[in-house]
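# Examining the three-dimensional arrangement
Each chain, letter by letter, is given below.
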Protein chains: 2
Amino acid sequence: MNLKYQAKIYVTLRPSVLDPAGTAVQSSLQHLGYENVEQVRIGKYIELMVTASEEDEARQQLDRMCDQLLANPVIENYRFELIEVEAQTGVI
Amino acid sequence: MNLKYQAKIYVTLRPSVLDPAGTAVQSSLQHLGYENVEQVRIGKYIELMVTASEEDEARQQLDRMCDQLLANPVIENYRFELIEVEAQTGVI
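Predicted model, so just to flag it, every value in this text is computed and none were measured. (Residues numbered from 1 in each chain as written. Chains lettered and ligands numbered in written order. Predicted model: local features only at pLDDT ≥ 70, side-chain atom pairs only at ≥ 80, totals over all residues. Heavy atoms only, no water.)

### Focus: the confidence of the model for chain A
The predicted model of chain A averages 94 in pLDDT, with 93% of residues at 70 or higher. Across chain A, the element-wise mean pLDDT spans from 89 in strand β3 (residues 76-88) of chain A up to 98 in helix α1 (residues 20-31) of chain A. (pLDDT = per-residue confidence, 0-100. Helix = DSSP H or I, 4+ residues; strand = E, 2+ residues; numbered from the N terminus.)

### Things to note about the environment of Ile46 of chain A
Mapped onto the elements of the fold, Ile46 of chain A is located in strand β2 (residues 37-52). Residue Ile46 of chain A is classed as buried on the basis of its relative accessible area, which comes to 2%. Filtering out sequence-adjacent residues up to four positions away, Ile46 of chain A remains in contact with Ala7, Lys8, Ile9, Val11 and Leu70 of chain A together with Val40, Arg41 and Ile42 of chain B. (Buried < 20%, exposed > 50% of the residue type's maximum accessible area, 1.4 Å probe, protein only. Contact = heavy atoms within 4.5 Å.)

### Some details on the interface of chain B and chain A
Taken together, the contacts link 32 residues of chain B with 32 residues of chain A. Of the roughly 2900 Å² buried between chain B and chain A on both sides combined, carbon and sulfur atoms contribute 58%. Looking at the side of chain B facing chain A, the largest losses of area belong to Tyr34, Asn36 and Tyr45 of chain B, adding up to 22% of the total buried there. Counting every contact that joins chain B to chain A gives 16 residue pairs in polar contact (both at pLDDT 80 or more). Elements supplying a minimum of two residues to the side of chain B that touches chain A: β1 (2-13), α1 (20-31), β2 (37-52) and α2 (55-70) of chain B. (Buried area = accessible area lost by both parts, 1.4 Å probe. Polar contact = N/O pair within 3.5 Å; in protein donor to acceptor, adjacent residues only side chain to side chain.)

### Overview of the packing of helix α2 (residues 55-70) of chain A against α1 of chain B
Two numbers describe a pair of packed helices, the interaxial angle and the distance between the axes. One way to put it is that α2 of chain A packs onto α1 of chain B with a least axis distance of 11 Å and a crossing angle of 115°. Classed by the angle they form, the pair α2 of chain A and α1 of chain B counts as roughly perpendicular. Crossing hand, α2 of chain A versus α1 of chain B: right-handed. Here α2 of chain A contributes Met65, Leu69 and Leu70 of chain A to the contact with α1 of chain B, which in turn contributes Val25, Ser28 and Leu29 of chain B. (Axes fitted to C-alpha atoms, helices over the stretch in contact; angles between N-to-C directions. Parallel < 35°, antiparallel > 145°, perpendicular 65-115°, else oblique. Left-handed = near helix turned anticlockwise from the far one by under 90°.)

### A word on α1 of chain A
Between its first and last C-alpha atoms α1 of chain A spans 16 Å; for 12 residues at 1.5 Å apiece the expected length is 16 Å, and the two agree. Restricting attention to buried positions, one finds in α1 of chain A the residues Gly22, Val25, Gln26 and Leu29 of chain A. Projected down its long axis, α1 of chain A carries its buried residues within an arc of 100°, all on one side. Exposed residues pointing more than 90 degrees away from the buried face of α1 of chain A are listed as Pro20, Thr23 and His31 of chain A. Turning to α1 of chain A, the residues buried within the fold contact β2 of chain A together with β2 and α2 of chain B. (Expected span 1.5 Å × (residues − 1). Arc of directions from axis to C-beta.)

### Points about the pairing of β2 of chain A
For strand β1 (residues 2-13) of chain A and β2 of chain A, the ladder comprises 9 bridges, and the chain directions are antiparallel. Each bridged residue has a counterpart across the sheet, and for Gln6 of chain A the counterpart in β2 of chain A is Met49 of chain A. As judged from the 11 bridges shared by β2 of chain A and β2 of chain B, these two strands associate in the antiparallel manner. Counted as the bridge partner of Lys44 of chain A is Lys44 of chain B from β2 of chain B. (Pairing = 2+ DSSP bridges.)

### Topic: the relation of the copies chain B and chain A
With an axial shift of 0.0 Å and an RMSD of 0.0 Å, the rotation relating chain B to chain A amounts to 180°. Overall, the copies show the geometry of a two-fold rotation axis. Ranked by how close their C-alpha atoms come to the rotation axis, the residues of chain B are headed by Lys44 of chain B, at 2.3 Å. Interface overlap between copies is the fraction of interface residues in one copy that are interface residues in the other; for chain B against chain A it reaches 100%, indicating a shared surface. (Least-squares fit on C-alpha atoms with pLDDT ≥ 70 in both.)

### Observations concerning the side chain of Asp19 of chain B
All names here are of chain B. Take Asp19: it is sitting in the loop between β1 and α1. Buried charged residue Asp19 carries no salt bridge. Nearest counter-charge: Arg41, at 4.5 Å. Within the structure, the side chain of Asp19 is placed 2.8 Å from the backbone nitrogen of Ile42, a separation counted as a polar contact. When residues no more than four places from it in sequence are discounted, the contact partners of Asp19 are Leu13, Val40, Arg41 and Ile42. (Lys, Arg positive; Asp, Glu negative; His and termini not counted. Salt bridge = Lys/Arg side-chain N within 4 Å of Asp/Glu carboxyl O.)

Below, the structure written as structure tokens:
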């Protein structure tokens, strides 16, 4: 039986890495009058569906996907959540 | 007294809007061997700190920030979470 999961992946810049886009957004917000805003950091939010035989397998695959493609481990951190959405009966 | 909140903002493309970047990432993942992946959608994840006198005020300001700058309401949805991080005593 295959299980289908929705993965929600959050990719953020490591705290030590400068974020010029975040700084620009913060400056724009302050020019719009939101002077009570600070520490703006911009990351990526990725949703995808993954099919696996068990949750551990899905987690291991997602770790590899993040390391290989979705995040740049040198400057970014990632974390993800898995939500089981549906069971699929496979052909035996 | 001012309250300080961390806001976590998720900006996603509306379901009816095509996501060429998501399609490209999905294709790359499949070329890397992850053929069990589908429906890849790429959004933004923004973190910021906001100071407000109460949570409702912070929520209203964040709604306006998202509508005005952080999201494009024509093609994107947004949602956010607020986490109170610290109380600041103001000068009376």
